[in-house]
Amino acid sequence: NLYVLERNGNYETKVDAGTFEVVGKLSYRDVCSSPAGKLYEPSRYGMGEAIALTDDQIWLGIDNNGIGASPYGQKFHGLEGNQPAILIFKRPAGF
């Protein structure tokens, strides 16, 4: 399988390497760009930059290009300053 990071859509997508069919899709929008706010502001583009998978976790690297943490990012995710972030999610079975 191939795993694709859809930066602007805030998705991690699983693609069958033989057929190129999308066989799974996970959204991380609720963390990075929820209706309550974005992790970093102002931002015009998605900031997902890297993806790594273990047997039970998905690690997502966020490159904020030096933009500071938003009030939402500070309050709900403990971000400070303008440092990038690594988000760790539970990997669903079969993904």
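Residues numbered from 1 in each chain as written. Predicted model: local features only at pLDDT ≥ 70, side-chain atom pairs only at ≥ 80, totals over all residues. Heavy atoms only, no water.

Enumeration over the complete set of coordinates arrives at two aromatic pairs. Ring geometry for Tyr-72 against Phe-76: centres 5.4 Å apart, planes inclined by 45 degrees, an arrangement best described as tilted. Note that Tyr-72 and Phe-76 are positioned in helix H2 (residues 71-77) at a spacing of four residues, about one turn of the helix. Classification of Tyr-72 as buried rests on a relative accessible area of 11%. (Phe/Tyr/Trp six-rings, centres within 6.5 Å; stacked < 30°, edge-to-face > 60°. Helix = DSSP H or I, 4+ residues; strand = E, 2+ residues; numbered from the N terminus. Buried < 20%, exposed > 50% of the residue type's maximum accessible area, 1.4 Å probe, protein only.)

Cys-32, Leu-39, Tyr-40, Leu-60, Ile-62, Leu-79 and Leu-87 are the most contacted members of the largest nonpolar core, which totals 14 residues. Contributing elements (two or more residues each) for this core: helix H1 (29-32), strand E7 (57-62) and strand E8 (85-90). Ignoring sequence-local partners within four residues, the contact set of Leu-60 consists of Leu-5, Glu-12, Tyr-28, Gly-48, Ala-50, Ala-85, Ile-86, Leu-87 and Phe-89. (Core = buried A, V, L, I, M, F, W, Y, C linked by side-chain atoms within 4.5 Å. Contact = heavy atoms within 4.5 Å.)

Any functional reading would require information beyond the geometric quantities listed.
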